[in-house]
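Overview (structure and organization)
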Amino acid sequence: MTTRGQTQQFDKALFKASVEKHLVTTYAKTPETADSRSWYLAVGKALAEISTGSLLETEKQIAEQNVRSVNYLSLEFLIGRLTGNNLISMGLYEEVSAAVEELGLNLTDLLEEERDPALGNGGLGRLAACFMDSLAAQEYPAVGYGLHYEYGLFSQSFEGGHQVEVPDAWRGIEGYPWEVVRPELGQTVGLFGSVETYTDKAGTSCRRWVPAMTVEGVAWDLPIVGYDNKSVYPLRLWECRSPAPFNLARFNDGDYVGAQYGQLEAGNVTKVLYPNDNHDQGKTLRLMQQYFHCACSVADILRRHFAAGNKIEDLAKLESIQLNDTHPTIAIPELMRILIDEHKLGWDAAWAISSKVFAYTNHTLLPEALERWSESLIADMLPRHMEIIFEINHRFMTLVEEKWPGNNEIKRKLSIIEEGQQRMVRMANLCVVSTYAVNGVAALHSELVKRDLFPEFNELFPGRLHNVTNGVTPRRWLKFCNPGLTELVNEKIGTEWPAKLEQLSGLAKFAEDKKFQKRYLAVKKDNKQRFADWVQDNMGIELDTNAIFDVQIKRLHEYKRQHLNLLHILSLYHRLLNEPTFDMHPRVFIFAAKAAPGYALAKDIIFAINKVADKVNNDPRLGGKLKVVFVPDYRVSLAEIIIPAADVSEQISTAGLEASGTGNMKLALNGALTIGTMDGANVEIREEVGDENIFIFGLLVDEVLKQKEEGHDPYRYYHADSLLRASLDLLNTDEFTPGNPGQLSAIRQNLLDGGDPYLVLADFADYVKAHEKIDAEYRDQATWARKTILNTALVGKFSSDRSIRDYVNNIWKLKAVSVK
Ligand code: 26Y
C-alpha cells in the first residue's frame, strides 16, 4: 500500500523497542509467551503513545490561537477499528508493517485481533465517525463528545436461523490500547431533586436547582488522527461512575442502604448502548444517559472556553455545538440553566448566546423515531430544565401568536409541549426553536423536512433550514479497505485523491479502455475471492466469484425492505424450478444486518432469509445459480470486506423514508452498481453517475404519499401478479422449514393483511424488472466494466470532506488551524 508522506517522526528501532516494552510492562508478556492478541495490544499502545503526544500538542496550539471550534455531540460514534486507519493517517502503514515483520509478526494478522468499538447502531453513528475523520483531515478545530459505553452494540449470532444477542465487551479485560483516561477533566452531574427560590446578594429573587444526587463523569479520549497532517483531535467519551457512595438527601434521612442502592443504579448510566435504530422507546435510563452526556460535554466546552481566557459573552463567537439528531437536545436547557443560574445572565442575554451556539441535524422523518419525553419524567429527573423548557415554549408561543393571531390549531401543532393524557416534550420542536441552523442529510430529505415535517417553522424562521448531503471518508472506505483498487487508482491519477476525492473523475476517461477495464475487473475479482474465502472459513459456504455478488448491508428495518429483496429471491427460486425457459446469471445474495432485540418482525425476516439460504444453497435443482448468505454480526470491519467485493448495491427503501443512506455511497465508490428507489442520497448518486449507470425503480415520494392516501390494497397486487403470488405463497408452505409450515407466514401476513405499510407489493414488479436488466447487463462484461468504473469515478461528491466543508461554510464558519 502506498502511503502519503509520513507525518510523524518514525524510528524503526525505537518503535520496536517501544512495542517490546509495552508487551512486558503493560501486558506482562514476554516475546516468547505473547500471543497474537498481546502483540496487537502492544503495537496499539506504542502507536497510541505517538498519537497522544500529538493530541496534547494539537489541544495546546488550538487553545493558544483561541479560534472558533465545533463540538460534535452524539450519543453514538461507530468508529470501527482504529489501528489500521490511524496507521494510514499517520503515514506509517508500511513502516510499521516492516517493523513488526522484524519482530516475526504479520501486520494484517495483528490488525484482525482488534475488536470493533461498536459505540453506535448504524448510519447516524457511522456518520459521526466519518465526520470526525474529515474534521481532523482538514484541520477544522473540533471535539467529538460521546459516551463511554461499557458494552457497545450487541454482537449477533444465529441459532437455528434465529438472531441471538451477546453483550459486546469491546474493551476486553486489558482495556482498549488507543484510549487514554483524562482524570483532570472529570465532571460532577446532578440528578433529580428540586428547584428553590432564593435572594442573591443584590436582592434579586433567583431560581436554582438542588439535585438530590450526583454522579461523576470520567473523560476518556480516543485519538482522531488527521490524514497526512499533524493534527490529532479528541473523541471524548464520558463514563459514569457513582462517586462517594452517598445519596445526600436520603443519607441524611438515615436511609444508608437505600442511598447506596440509588448510587449503584446511577453507576449503570453508561453501561450499555441502546440497540434501537430509528425507534424510540422512551426509557428513563436513556434520558439519564442523554442528560449525563450533555451535562459533561457542555461543562467541558465551558471549561475550555474559560481556560483560554474568554468571557461568557463570547461563547457564541468561539463555540458551535452540533446536535447529532435530537438525542443531545437536553444540552440546550442545560446551557441556559448555567448561563442564567450560575453566570447570572438575564433570559434575553442567555438566549442570545444559546440560540447562536446550537445547530441541529435531523436524520429521520419516521414518526416512531422522533423523540418525545414525558413532561413528568423530565420534571422529576431535571426539574429546573423543565421550567426552562416551559419558558422557551411560552416565548415561542407568543411569537406564533404574533404570526398567526388566534390560530390555536397551528399553536397546537408547533408547540414544544404536546397536549394529551400525558403531556410530552417534542424534542425536534425544541431543537428547531432553539438553534440557529437545522439541516437534513440529503437534498431530497431536506426538502421533505421543509415541506412535510416543519413547513410552518420554515415560514417562521426563513433561512434556518439547510441541506448538507452526507458523505463517507475515502480513507477508510477506499484507501484502507480496498488496497487493490487504491493501487490501480494511484497509478492512473496519482496519490492525492484520498484528500481530494473529486479527483477520481480523472478515471472516467479510462472507462472504455480495454486494458484498464480488465485490471479493474481483476481487482474486483480478487476482492470477491477475499470475501468468498472469509465466507468459506467462517460459514462453510462455498461461493463462485463468477456469480454476481448482490449486497444488502444495513440495519434490519421494514422501511429498508429486506423483505422485498427476499421476495425477489423467492421469485427467482420459483422461476428456476417452474419456468423451463428461464435463465439467469449465477447470483449470490449477501445480507448482513442486526435487528433491534425487541423488533419481532425484523427478527422474523432474518429467520426467513436464513431458512431460505439453508434450502437454496443445498438444492441441486438450482444448478448453483442461486446462493444466499446472511453474514452474522454485521459491523464496520465486516463492511470493510464486503463492500469491495460487491457488484450490486441494494438501496431499496420506500421512497421518502431513508433520509440519506451512506452505505450507498461506500458501495458505489467501490464500484458496485446501485439498484435503488428515488430516495435519500440515491437521487444525488443518480445525478452524479448518470441514469445509465444506476438501476432506479419504484414509486416516487409523491406517488407513495398518494397511494397511502387513496388506500393501498395489497391484495390487488397479489391477485394481479402471478409471480408475486407464487413468491408470497412460498412463505406459507414448509418448503424452507420442512415439517413446519407456517413458520415464515408472519411476513406474508404482514404484507397482505397487515396493510403492507411500506408498499413492498407496490414496488415488486418494477424491482423484478430492474433485476432482469442487471442480469442482462452483467453478462456483457465490457458494458459492466464501463459502468462500474464510472461509478468509482463519478462519486467524488460523496466524500465526508465535502460534507464537512458544507457545514464549515454554511453553518459552523470555522477556519482551519494547521498544527506545526
Ligand atoms: C430515538 C432513538 C431510539 C434513535 C436512535 C438511533 C433514533 C434514531 C437513531 C438512528 C438513526 C439513524 O441512524 N438515521 C440514519 O442516519 C444516517 C446518517 O444521516 C442516514 O444516512 C440514514 O438514512 C438514517 O436512517
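Residues numbered from 1 in each chain as written. Predicted model: local features only at pLDDT ≥ 70, side-chain atom pairs only at ≥ 80, totals over all residues. Heavy atoms only, no water.

**Considerations on the site of the ligand**
- Looking at the ligand, there are 20 residues lining it, with Leu124, His363, Asn470, Glu658 and Gly661 nearest.
- Side-chain polar atom of Asn470 to an oxygen atom of the ligand: 2.8 Å apart, as the coordinates give it.
- For the ligand, an oxygen atom lies 2.7 Å from a polar atom in the side chain of Glu658.
- Compared with its free state, where it exposes 570 Å², the ligand has 97% of that area covered by protein.
- Two domains each provide a minimum of three residues to the shell around the ligand, namely domain 2 (70-79 + 119-168 + 181-470 + 805-812) and domain 3 (474-798). (Near = heavy atom within 4 Å. Polar contact = N/O pair within 3.5 Å; in protein donor to acceptor, adjacent residues only side chain to side chain. Areas by Shrake-Rupley, 256 points an atom, 1.4 Å probe, with all protein chains shown as cover. Domains from an automatic or database assignment.)

**A look at the state of the cysteines**
- Within the structure shown, the criterion is met by zero disulfides.
- No disulfide involves Cys481; its nearest neighbouring cysteine sulfur is the one of Cys130, lying 11 Å away. (Disulfide = S-S within 2.5 Å.)

**Observations regarding the sheet that holds strand 14 (residues 417-418)**
- As summarised here, the arrangement of the three strands in space is 13-15-14, forming an open sheet in which the pairing is antiparallel. The sheet terminates laterally at strand 13 (372-374) and strand 14, the two strands that pair on one side only.
- Bridging between strand 13 and strand 15 (residues 424-426) involves three bridges; their strand directions are antiparallel. Note on strand 15: the bridge partner recorded for Trp373 is Val425.
- The strands that helix 16 (residues 427-434) touches are strand 13 and strand 15; relative to strand 15, the one it contacts most, it runs at about 45 degrees. (Pairing = 2+ DSSP bridges. Helix = DSSP H or I, 4+ residues; strand = E, 2+ residues; numbered from the N terminus. Contact = heavy atoms within 4.5 Å. Axes fitted to C-alpha atoms, helices over the stretch in contact; angles between N-to-C directions.)

**A look at the domain arrangement of the chain**
- Considered domain by domain, the chain is made up of domain 1 (1-65 + 82-115), domain 2 (70-79 + 119-168 + 181-470 + 805-812) and domain 3 (474-798).
- On a C-alpha basis, the centres of domain 1 and domain 3 stand 37 Å from each other.

**Here we look at the nonpolar core**
- If you look at the biggest cluster of nonpolar residues, it comprises 272 residues, and the most contacted ones within it are Phe531, Leu567, Leu626 and Trp812.
- Those residues in contact with Phe531 that lie beyond four places of it in its chain are Leu543, Phe549, Ile590, Val631, Ile641, Ile642 and Ala645. (Core = buried A, V, L, I, M, F, W, Y, C linked by side-chain atoms within 4.5 Å. Buried < 20%, exposed > 50% of the residue type's maximum accessible area, 1.4 Å probe, protein only.)

**Here's the deal with the pattern of salt bridges**
- This model, assessed by the stated rule, comprises 62 salt bridges.
- Residues Glu418 and Arg426 are paired through a salt bridge, measuring 3.2 Å at the closest nitrogen-oxygen approach. In terms of burial, Glu418 and Arg426 fall into one category: buried.
- Arg575 is paired through a salt bridge with Glu579; the nearest N and O atoms lie 3.1 Å apart.
- Residue Arg575 is classed as buried on the basis of its relative accessible area of 13%.
- Beyond isolated ion pairs, a larger network of salt bridges with shared partners links Glu59, Arg182, Glu184, Asp221, Arg236, Asp300 and Arg303. (Salt bridge = Lys/Arg side-chain N within 4 Å of Asp/Glu carboxyl O.)

**Regarding the UniProt feature "modified residue: N6-(pyridoxal phosphate)lysine" (unreviewed entry) in the chain**
- As recorded in UniProt, the feature "modified residue: N6-(pyridoxal phosphate)lysine" (unreviewed entry) lies at Lys666.
- The residues touching Lys666, leaving out its near neighbours within four places in the chain, are Arg126, Val472, Trp477 and Ile643. (UniProt positions renumbered as here; feature names shortened; annotations may be inferred.)

**A closer look at the packing of aromatic side chains**
- Scanning the entire structure with this criterion turns up 23 aromatic pairs.
- Considering the side-chain rings of Tyr72 and Phe131, the 6.0 Å spacing of their centres and the 85 degrees angle between planes classify their relative orientation as edge-to-face. Of this pair, Tyr72 sits in strand 1 (residues 69-73) while Phe131 sits in helix 6 (residues 123-138), and the two are 59 residues apart along the sequence.
- Judged by its relative accessible area of 1%, Tyr72 falls in the buried class.
- Pairing Tyr778 with Trp784 gives two aromatic rings, centres 4.9 Å apart and planes at 70 degrees, and the pair type is edge-to-face.
- Three or more aromatic residues link up through ring pairs in this structure, and these residues are Tyr72, Phe77, Phe131, Tyr807 and Trp812. (Phe/Tyr/Trp six-rings, centres within 6.5 Å; stacked < 30°, edge-to-face > 60°.)

**A few points about the sheet that holds strand 21 (residues 648-651)**
- As summarised here, the arrangement of the six strands in space is 20-19-18-21-22-23, forming an open sheet in which the pairing is parallel. In this open sheet, the two edge strands, each paired with only one partner strand, are strand 20 (626-630) and strand 23 (695-696).
- Strands strand 18 (548-553), strand 19 (587-592) and strand 20 of the sheet are contacted by helix 21 (residues 514-539), whose axis makes an angle of about 70 degrees with strand 20.
- Helix 32 (residues 781-794) contacts strand 21, strand 22 (673-676) and strand 23 of the sheet and is inclined by roughly 85 degrees relative to strand 22.

**A look at the packing of helix 2 (residues 36-65) against helix 3 (residues 83-90)**
- The geometry of helix 2 relative to helix 3 is characterised by a closest axis approach of 11 Å and an angle of 40 degrees between their N-to-C directions. With respect to their mutual orientation, helix 2 and helix 3 come out oblique. In this structure, helix 2 meets helix 3 at a crossing whose hand is left-handed. Residue-level contacts link Tyr40, Leu47, Ile50 and Ser51 of helix 2 to Thr83, Leu87 and Met90 of helix 3. (Parallel < 35°, antiparallel > 145°, perpendicular 65-115°, else oblique. Left-handed = near helix turned anticlockwise from the far one by under 90°.)

**Brief notes about the pairing of strand 3 (residues 152-159)**
- Bridging between strand 3 and strand 4 (residues 162-168) involves six bridges; their strand directions are antiparallel. Bridging across to strand 4, Ser155 finds its partner in Val166.
- Counted along the chain from strand 3 to the antiparallel partner strand 4, the turn is two residues long, and its residue Gly160 has a positive phi close to 60 degrees.

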